[in-house]
Amino acid sequence: MLLSRRRFLCGATASAMSMPLFMRALEADAATDTILVTILQDGGCDGFNTVIPLAQYGKYSDLRTVPGGGSLAVLDTDIGAAGTAFDANYLTPASQAVTYGLHPKMTALRALYGQGKVAVLMGVGIPPADPSRTSHEVGKFDWATGSINKLGYTNLGWIGQAFDTIGGSGALPPSASVNYQSPIVLRGRTNSPLVIGGDLSNFTLPCGSGGADCAARVTALTTNDTFPSPATSAEFARALSSATTSYVGVVQQYAAAAPGADYPSTAGSSIKSQLKQIARLIAAGAPTRAYYAAQGGYDTHSAQNSAGHHPDLVGELSDAMTQFYTYLQGKGLSQRVVIMTMTDFGRRPQANSTAGTDHGTASVSFVIGDRVKGGVYGQYPNLSALDTNGNVVIQVDFRNHISDLVAALGTDPTPIVGGSYPKLGFI
Amino acid sequence: MPRLVCIVLAAACMAAAAPAFASEPTFATTFVSGVTPPGAPGSDGGVDVRGGRYLRVTASGTLALGYGACPRATGPQGCAAAFSPARSAPAAPAGALVAAFVNASGALVSSWAPVGEAAYVAIPAGAARVVFRVNGATGREFGAFHVVADVVSERTGRNVQGVSASSVSPSGTRHTQPILRAVPTGGLSSRADLQHLLRRYGFSDTPANVTAVYRGGASGWLAQQLDPANIDDSALAAYMEPVPLAGTSPQTMNGYDDYRNILERRIIQREVASKRQLLEKMTLHWLEHFAVSEDKVNSAPAMIHYEETVRTDALGNFKTLVSDVSVEPAMLLWLDNNNNDGSHVATSPPNENFSRELMQLYVLGTTQLNADGTPVLDGSGNAVPAYSDQDVKQVAQALTGFQRTEPYPLPMVDPRTIDGTKFFPTRHAKGPFTIIGQTVTDTGDPTIVGKVVGVLASNPATAPFEVKELLQRFVTESPSPGYVSRIVAVWNANVDAPDQLAKVMQAIATDPEFYADKQSLVKEPIEYTIDAIRELNGAQAAPYTASMRTPYNSVHGVLSGMQELHWYPPSVFSFYRPGEKESLLTNSLLLTRWGEAVALSNRATTTTLCANCDVNIDFTSLTTLAGGTSAAAVTGYLMDALADGGTPELSALVQNYLGNNGTTNIKGAVWLVLTSPEYEVN
């Protein structure tokens, strides 16, 4: 795995170097392929409080009671007041919907749903075939690789593998992460992501106080990268260093072309800021075809409904995704972009003694975009038919979900997810 | 999440959670170390005296009168005066600390006797341990003693067991500094091997010190490092900020800044200046293994206490370490085991957060492992889970009933002396429990922690899981199955030994494979920074004084910029997963490193040292060491110090950059080495 990553880094550098920049920019402008934006809800999002089962409200309410006092249940009256109820038919007005309710803080997403831009996948999760699916590490790993990956046979992500086949074009890798980390989901055999952190303007070469000395330092640094490495890890560091210096100028060109001054405020929100950087790259015509962003804080074992926890997080995410979509719509680019959310696992229906929920199985996934067929997919898990661990039975295999997204990127998902699944039809 | 919660709020919360003030629990006279049964939580197991003929105990500590004397209305600050240790003394007040010998079953074989001056006491026949007890007079004492027990064969003879130090606090927290025996190791064949050892088992060193160690022999260095209690580290104290007292306001613990900065600076100061380098590296290992973030804990006393516990056990016994960490207030707060109520498990299931991570991350991992670290496979070739969700629930129930109860108001004492955890039987789910197929009996007291940890630690997956992680952090990301099994054998042979981890670390470094994969690990930002400072002989200009307002603040800033502040791991998974050090380098994080390398290299000075700065890299003395100020001499020195001699190509580039004057562009030259791929790895 590590070797192939290294091999790619060298390859990417060579191809980036060999093609004049202006040609690559033209190529990117002509592209009409789907751009996929994946958002990890890190920690295991409680699907039952994200999409509330109004049709099973009594059972839901019972399970969400905190025996020491209080309840984790989202009130159906609050859903009514916020107008976030919905039915499978997205055209049903919120006032008449009776089946589900988005969390009352997700009014922005509810509005998009009413426009038919949002697919809600119910009961998505990892099947019991992975006995460790309730572990963060295993859950995230399976979701990243698109497979039940108990032995760690692969560290390659489903998006990275898709681009192994599709290939990339242009001066940047086919995928990018905007949260400093290189997530497994974007790693392929022959490609690995561009990784940006913070505002695009941070992606520069820092070299001291500037001027001639700075230039001399950069020259020496980049020259050193052309020499062979004496040790294995230094080889990795050298390839990365070399690739990084070549990406800096390209990213700065795009950043300057789309400063995002007209983007709505992202103040105080990391996920909003991450999506803004993605929107800027898309608006500037970057050749990148898949992006990764992450929002932390979903591991709500205790005090789940207190400030800053689940309710605020889903509200923030709803606002962040909606402003991102609306911004791109205003630029005439929303028809290219598909947003999807994923999370480690769902949570336990029954509240625990510390007013939180523990690790469970199925959660909910949103897919958003002009190419998406709005509505509900899969069945909401039956809260009266829990398994021996008190968890719901998953309704949509996560591999089926991923399978449809890989297909939307333009390649055969079968070898990646290790099987063939019927199309869910949301895209 | 709000990070700045003032002490007044924290105290109020504690008041709400704790029993009414009038019936404030007393903290004295009841704690007995090491009785029933030895090694269980609530006791420290005492000190092993087997094989010795005489015992010499020296104790120091404070015994202060607490509670009752402080009117609640005066609040934490007002109480500070009342709590000033009226009865404290450098040595224990006569009779305040008593000791007795017990046999292997924990039964007394002597009467309790006061611990006096450093006098030799004959060890009675049948004695297995010496245990200690705080013998307060009024029932309202609190405090702690640091006990050093020498077990010797002759009154003036050499140590049989080495030195043990045990800190005894009245209400049950204890730390046993294990007996660490120095064992000779093989000599090293090259200076590069030695530099490898110094970088992996410490934070590297200056070329001059590398030479000194090389002449003295690597085996001697390793033996010393494995026995940190015997390394005189007294010089360090002068360079460290004092530990803030518990009762001071967190916002201004040293009169001007926030305690979070102090915590970070203190650990940086240790890593830079402590002679106990392996102990610091092991402490870092366990702080990453049991990653706890101050962001959620939000308590200075809890974090300071936690760090002390981890450091105390870092080279000791794994089960002791896990048991101790499990009931640390910081851990209770971090993974939601604080106030976890097990009184109604059927209708109100306990929180499983700590239980799950205890098994998955802290002790045995998700899948069953063979002794060589490879996964156990079932008939279909699939991995087999190490535990089930039912086990998670059982362990969660077993560990209910603990509560963080630091005294209110926080006394003006060293936070490391505060025992902030209490067990409430009424909130505990009574056993027995079935954990991974084993029945665990339950007597409804804190001994349940040791029992649970004992079952988990005896799981066949534990040794290979832990050993593999140690090898991945200290040696290679892909240790061979043979290497894993050799170290697992040492782990298992010493599973109850108080110096188990020292023995394991010794075996790791004396295995031939230790030197097979040099420069194969990406440095984590802490290593990147501390190594550079040590290799370039960076230091404070003078010992710490109160007027020195920001010691190590710039290093703090460097680590913050590179997103690796010791106390802020992003999650329970720490900064990176074992075997994934390369994940620390991405395009973005590499650029961040280069930016922070500017700050680091700017500490290099050829002029006046900054008196109040945390780090000066004094190039006037370095050029002396380099043998001149020529570009060639300085380049050679930098290559030797930072890059194991470097590559000819990098040398040529740096020398060219420096031109004909070795010192004018020294900051740029240091930056060039720090940003080279050669420096990124160790």
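All chains use their own residue numbering, which begins from 1 and follows the written sequence. By the order in which they are written, chains take letters starting at A while ligands take numbers starting at 1. Local features in this predicted model are restricted to residues whose pLDDT is 70 or higher, and side-chain atom pairs enter the listing and the counts only when it is 80 or higher, whereas totals over whole chains, interfaces and linings include all residues.

1. Remarks on the overall build of chain B
The secondary structure content of chain B amounts to 26 helices and 16 strands. For chain B, the proportion of its 682 residues judged to be buried stands at 56%. Look at the contacts in chain B between residues 6 or more apart in sequence, and 72% of them connect residues 24 or more apart. Helix numbers and strand numbers start at the N terminus; a helix is a DSSP run of H or I with at least 4 residues, a strand a run of E with at least 2. Field definition: a residue is buried when 20 or more other C-beta atoms are found within 10 Å of its C-beta, exposed when 12 or fewer are, and partly exposed for counts in between, with C-beta atoms placed from the backbone. By the criterion used throughout, residues are in contact when their C-beta atoms, derived from the backbone, lie within 7 Å.

2. Notes on the overall build of chain A
Helix and strand content of chain A: 13 helices and 12 strands. By the compact-globule yardstick of 22 Å for 427 residues, chain A fits well, its C-alpha radius of gyration being 22 Å. Each principal axis of the C-alpha distribution contributes one length, and for chain A these read about 70 × 45 × 40 Å. Residues counted as buried form 59% of the 427 residues belonging to chain A. Across chain A, every contact between residues at least 6 apart in sequence was considered, and the portion connecting residues at least 24 apart equals 70%. For a compact globule the rule gives 2.2 Å times the number of residues to the power 0.38, and the radius of gyration it is set against comes from C-alpha atoms.

3. Description of the interface of chain A and chain B
In many analyses, interface size is given as the accessible surface area lost on bringing the parts together. Taken together, the 55 residues of chain A in the interface contact 55 residues of chain B. Among the elements of the structure, α6 (136-145), β7 (194-195), α8 (211-224) and α9 (232-257) of chain A are those that each provide at least two residues to the side of chain A that touches chain B. If one sorts the elements of the side of chain A that touches chain B by residue count, α9 of chain A sits on top with 11 residues.

4. Here's the deal with helix α22 (residues 619-626) of chain B
All names here are of chain B. All of the buried residues along α22 are Phe619, Leu622 and Ala626. The buried side chains of α22 occupy one side of the element, clustering within an arc of 50° when seen end-on. Every exposed residue of α22 that faces more than 90 degrees away from the buried side is listed here: Ser621 and Thr624. Contact partners of the buried residues in α22: β15 (604-605), β16 (617-618), α23 (631-643) and α25 (666-674). At the C-terminal side of α22, Gly627 shows a positive phi close to 85°. Starting at the helix axis, one direction is taken to each C-beta atom, and the arc is that of these directions.

5. What about the pairing of strand β8 (residues 290-295) of chain A?
Residue and element names in this part refer to chain A. Of all 6 residues in β8, 5 are buried, a share of seventy percent or more. Strand pairing follows a simple DSSP-based rule, namely that at least 2 bridges must link the two strands. Two elements, strand β1 (residues 35-41) and β8, share 6 bridges in a ladder whose sense is parallel. Paired with Leu36 across the two strands is Ala290, which belongs to β8. Where strand β6 (residues 175-177) and β8 come together, 3 bridges link them in parallel fashion. The partner of Ala176 across the bridge, within β8, is Tyr291.

6. Brief notes about the pairing of strand β5 (residues 118-125) of chain A
Moving residue by residue along a regular strand, the side chains alternate between the two faces of the sheet. Residues and elements named next belong to chain A. Counting buried residues in β5 gives 8 out of 8 residues, a clear majority hidden from the surface. Sheet topology places β5 next to strand β10 (residues 363-368); 5 bridges connect them, and they run antiparallel. Looking at the pairing, Ala119 lines up with Val367 of β10. Where β5 lies against strand β11 (residues 375-377), 3 bridges are found, and the strand directions are parallel. Looking at β11, one finds that Ala119 is bridged to Gly375. Relative to strand β12 (residues 396-397), β5 runs parallel, the two being bridged by 2 bridges. Bridging from a neighbouring strand, Val124 pairs with Val396 of β12.

7. Brief notes about the sheet that holds strand β3 (residues 85-86) of chain A
Residue and element names in this part refer to chain A. The sheet built from 3 strands is open, its strands ordered β2-β4-β3 with antiparallel pairing. Because the sheet does not close on itself, it has two edges, and the strands there are β2 (51-52) and β3. With 2 bridges connecting them, β3 and strand β4 (residues 100-102) associate as antiparallel partners. Residue pairing in the sheet places Phe86 in a bridge with Tyr100 of β4.

8. As for the packing of helix α10 (residues 300-313) of chain B against helix α11 (residues 318-326) of chain B
Residues and elements named next belong to chain B. Structural elements are reduced to axes, namely lines fitted to C-alpha atoms, with helices fitted over the stretch in contact, and the angle between N-to-C directions of any two is expressed from 0 to 180 degrees. Axis separation between α10 and α11 bottoms out at 9 Å; the angle between their running directions is 175°. The orientation of α10 with respect to α11, classified from their angle, is roughly antiparallel. Note on element contacts: α11 touches α10 through Thr320, Leu321, Asp324 and Val325, opposite Thr309, Val310 and Asp313. In this classification, the charged set is Asp, Glu, Lys and Arg, the nonpolar set is Ala, Val, Leu, Ile, Met, Phe, Trp, Tyr, Cys and Pro, and all remaining amino acids, among them Gly, are polar. Split by residue class, the contact of α10 with α11 holds 3 nonpolar, 2 polar and 2 charged. Geometric relationships in this document are graded by angle, where less than 35 degrees denotes roughly parallel, more than 145 denotes roughly antiparallel, 65 to 115 denotes roughly perpendicular, and other angles denote oblique.

9. A closer look at the confidence of the model for chain B
All names here are of chain B. In this model, chain B carries a mean pLDDT of 77, and residues with pLDDT of at least 70 account for 73%. Residue-level confidence of the predictor is what pLDDT reports, using numbers from 0 through 100. The lowest-confidence element of chain B is helix α1 (residues 7-17), averaging 25 in pLDDT; the highest-confidence one is helix α8 (residues 277-289), averaging 98. Scored below 50 in pLDDT, residues 136-144 shows 40 contacts in the model against residues more than four places distant or in partner chains. pLDDT under 50 marks residues 154-189. Its contacts with residues more than four places away, or in other chains, come to 125 contacts. The ipTM assigned to the predicted complex is 0.89, against a pTM of 0.79.

10. Points about the environment of Val213 of chain B
Along the chain, the position of Val213 of chain B falls in helix α4 (residues 207-216). For the pair Val213 of chain B and Leu194 of chain B, spaced 19 residues apart in sequence, the C-alpha separation works out to 8.2 Å.

11. As for unusual backbone geometry
All names here are of chain B. Omega for the peptide link from Gly431 to Pro432 comes to 5°, which places this bond in the cis form. Relative to the helices and strands, Pro432 resides in the loop between β12 (421-423) and β13 (433-435). The phi angle at Asn298 is positive, at roughly 60°, despite the residue not being glycine. You can see Asn298 is positioned in the loop between α9 (294-297) and α10. Note on Asn298: 20 C-beta atoms within 10 Å, which makes it buried.

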